[in-house]
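What follows is each chain in one-letter form.
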Amino acid sequence: MVDRGEGAIVIDVDGNRFLDCNAGIAVVATGHCHPRVVRAIQEQAARLIHMSGTDFYYEGMVALAEKLAALAPGGGPRRVYFGNSGTEAIECALKLARYHTGRDKFIGFLNSFHGRTLGSLALTSSKYVQRARMGPFMPGVTHIPYANCLRCDYGQRVETCHVECVKVLENRIFKTIVPANEVAAIVVEPVQGEGGYVVPPRKFFDELAAVARRHGILLVADEVQSGMGRTGRMFASEHFEFAPDILATAKGIASGMPLSATIARAEVMNWKPGAHASTFGGNPVSIAASLATVELLEEELIAHATNIGARMQARMHSWPARFSQVVQVRGLGLMIGVEVSSTALRNRLVLESFERGLLILGCGDTTIRLSPPLVITETQSDFCLDTLEALLGDA
Ligand SMILES: Cc1ncc(COP(=O)(O)O)c(C=O)c1O
């Protein structure tokens, strides 16, 4: 039962202190209650809380849209839609892709998570409990295996593979299930989040871009979890020089205030006023929190995520050799996954960490995820790794 938080520490109602390596599911990018974010929220709340950005403009909304447009990977003019949650950002991307292309089908990846409303849920495929008894879903979605090179569905090794996981589209899917000219978009997480913090090789993105270009298919990057500095770049796509037509982001964007953004190439977001909207989307208080967040990310926290993430991963590098239960350590910046040998062990490690004052989460079947606030200090990250090493040693 959480009472309050400060930086990377949360304190429960009994006064127990925990190191938060979960950040409210990768949300509080600038830490809990960063003074500059709190001040921005307080000042904005005292001025204006809501007027609906559908009908009136706010200066902050324009400033944030311009900022995100400039930051979006790929360059060129962008247009931005504001919603309140990750799933809304994806709904916007799906509707826009249909509107712009006049096509209605989508390609998604197995083990992906894109949200829980009925459009995004049609793409989500990480756990059946999220889908059971909720169908039928939006029709026209075909899932293919993701580029999980540790467990390649095509029996390949990353050094020698020919990106079979993308080639399958032209070799089989477009010939057997869905014609390419009916596909509006391919929706992909640049780093698979809920599916296990899986980092694909660069050639996966190059191949996706080539297939999309050949068939006039749009690329949608779901950066709801991987965006906003977490991987040591503003957007994870940058690591792969991946330039999506539409990018959806949320979670870390406003340090905990509800906000999401769908950023699209200007010529793609060509729908008419009123075609898509949200009463609350981009409310002034969330926007103010986001402007303060983006400033902090650019000033210092993205660089900090790179440095401290590298420091943590350097130490964790030896884990598969030292601990027989560790299968792989992987990640970018402060989006780090530790795959262990079984789900039972993973779940036990999450619970025992909690009992020792460390908050972590699971993802995928057998992976621990570390997604701390980007303000985590060296000492705090040492505590996190000391705790996990002790637990792995015991196990
Ligand atoms: C990659 C990704 N997309 C979409 C979502 C949905 O976001 P929300 O829960 O804010 O709707 C999530 C949430 O975990 C996510 O990780």
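Residues numbered from 1 in each chain as written. Predicted model: local features only at pLDDT ≥ 70, side-chain atom pairs only at ≥ 80, totals over all residues. Heavy atoms only, no water.

Novice: How would you summarise the overall build of the protein chain if you had to cite specific residues and measurements?
Specialist: Secondary structure assignment for the protein chain yields 11 helices and 15 strands. Dimensions of the protein chain, computed from the C-alpha atoms along their principal axes, are close to 60 × 55 × 40 Å. In the protein chain, which comprises 395 residues, the proportion classed as buried is 56%. The long-range fraction of contacts in the protein chain, counting pairs at least 24 apart against all pairs at least 6 apart in sequence, stands at 72%. Accessible surface computed for the protein chain: about 17000 Å², of which carbon and sulfur atoms make up 53%. (Helix = DSSP H or I, 4+ residues; strand = E, 2+ residues; numbered from the N terminus. Buried < 20%, exposed > 50% of the residue type's maximum accessible area, 1.4 Å probe, protein only. Contact = heavy atoms within 4.5 Å. Areas by Shrake-Rupley, 256 points an atom, 1.4 Å probe, with all protein chains shown as cover.)

Novice: I'd like to hear about the nonpolar core, residue by residue, with values.
Specialist: Considering soluble globular proteins, one finds that nonpolar side chains tend to be buried as a cluster. With 97 residues, the main nonpolar core has Phe82, Phe204, Trp319 and Leu370 as its most contacted residues. Among the elements that line this core, the one with the most residues is helix α8 (residues 284-316), at 13 residues. Residues from two domains meet in this core; each of domain 1 (2-33 + 300-394) and domain 2 (39-296) gives at least three. With near-sequence residues (within four places) excluded, tryptophan 319 lies in contact with Val326, Val329, Val338, Leu385, Leu388, Glu389 and Leu392. Grouped together as the second largest cluster of nonpolar side chains are 26 residues, Ala122, Val187, Val220 and Trp271 included. (Core = buried A, V, L, I, M, F, W, Y, C linked by side-chain atoms within 4.5 Å. Domains from an automatic or database assignment.)

Novice: Describe the sheet that holds strand β14 (residues 361-363), with residues and values.
Specialist: Strands sit in the order β11-β12-β15-β14 across an open sheet of four strands; the sheet is antiparallel. Across the chains shown, the open sheet's two edge strands, defined by having one partner strand only, are β11 (326-332) and β14. Each adjacent strand pair in this sheet contributes to an overall mean axis angle of 30°, direction not counted. Of the strand pairs in this sheet, strand β12 (residues 335-340) and strand β15 (residues 367-370) are connected by four bridges, and their pairing is antiparallel. What sits directly across from glycine 337, in β15, is arginine 369. (Pairing = 2+ DSSP bridges. Axes fitted to C-alpha atoms, helices over the stretch in contact; angles between N-to-C directions.)

Novice: So what's going on with the pairing of strand β1 (residues 2-6)? Which residues, and what values?
Specialist: Sheet analysis places β1 next to strand β2 (residues 9-12), joined by four bridges and oriented antiparallel. Across the sheet, residue glycine 5 finds its bridge partner in β2, namely valine 10. Connecting the antiparallel pair β1 and β2 is a turn made up of two residues, with glycine 7 showing a positive phi of about 60°.

Novice: Break down the domain arrangement of the protein chain for me, with residues and values.
Specialist: Parsing the protein chain into structural domains produces domain 1 (2-33 + 300-394) and domain 2 (39-296). Taken over C-alpha atoms, the centre of domain 1 sits 25 Å from the centre of domain 2. On the domain 2 side, the residues contacting the 32 residues of domain 1 number 27 residues. Looking only at domain 1, the three residues that lose the most surface to domain 2 are Ile302, Leu332 and Met335, adding up to 29% of its buried area. Remark: the boundary between domain 1 and domain 2 carries two salt bridges. (Buried area = accessible area lost by both parts, 1.4 Å probe. Salt bridge = Lys/Arg side-chain N within 4 Å of Asp/Glu carboxyl O.)

Novice: An account of α8 is requested, with residue identities and associated values reported.
Specialist: The end-to-end C-alpha distance of α8 is 41 Å, clearly below the 48 Å that 33 residues give at a rise of 1.5 Å each. Its axis deflected by about 60° at glutamate 298, α8 carries its strongest bend there. Two or three places before valine 285, at the opening of α8, asparagine 283 has a side-chain oxygen 2.9 Å from that residue's backbone nitrogen. (Expected span 1.5 Å × (residues − 1). Bend = angle between axes of the 7 residues up to and from the residue. Polar contact = N/O pair within 3.5 Å; in protein donor to acceptor, adjacent residues only side chain to side chain.)

Novice: So what's going on with the pattern of salt bridges? Which residues, and what values?
Specialist: Counted by the stated rule, this structure contains 24 salt bridges. Two residues, aspartate 394 and arginine 356, come together in a salt bridge whose shortest N-O distance is 3.3 Å. Here aspartate 394, found in helix α11 (residues 378-394), pairs with arginine 356, found in the loop between α10 (343-355) and β13 (358-359); they are 38 residues apart in sequence, far enough to count as distant. Using a relative accessible area of 59% as the deciding quantity, one classes aspartate 394 as exposed. Among the charged side chains, a network of salt bridges with common partners joins Arg311, Arg315, Arg322, Glu378, Asp382, Asp386 and Glu389.

Novice: I'd like a description of the packing of aromatic side chains, backed by residues and values.
Specialist: Scanning all chains against the criterion turns up nine aromatic pairs. Note on tyrosine 146 and phenylalanine 204: the rings are 5.5 Å apart at their centroids and 70° apart in plane angle, and the pair reads as edge-to-face. In this pair, tyrosine 146 is assigned in the loop between β6 (141-144) and α6 (164-176) and phenylalanine 204 in helix α7 (residues 202-215), connecting sequence segments 58 residues apart. Geometrically, the ring pair formed by phenylalanine 204 and phenylalanine 205 is edge-to-face, given 5.1 Å between the ring centres and 75° between the ring planes. In this pair, the class of phenylalanine 204 matches that of phenylalanine 205, namely buried. Taken together, the aromatic side chains of Phe109, Tyr146, Phe204, Phe205, Phe240 and Phe242 make up a single cluster linked through ring pairs. Across from the ring centre of phenylalanine 137, 4.3 Å away, lies the NZ or CZ of arginine 131, which sits over that ring. (Phe/Tyr/Trp six-rings, centres within 6.5 Å; stacked < 30°, edge-to-face > 60°. Lys NZ or Arg CZ within 6 Å of the ring centre and 35° of its normal.)

Novice: Mind laying out the environment of isoleucine 308, listing which residues take part and the relevant values?
Specialist: By the element assignment, isoleucine 308 lies in helix α8. Taking the C-alpha atoms as reference points, isoleucine 308 and histidine 143, separated by 165 residues in sequence, lie 35 Å from one another. If we skip the residues at most four places from it in the chain, isoleucine 308 touches Leu334, Ile376, Thr377, Glu378 and Ser381.

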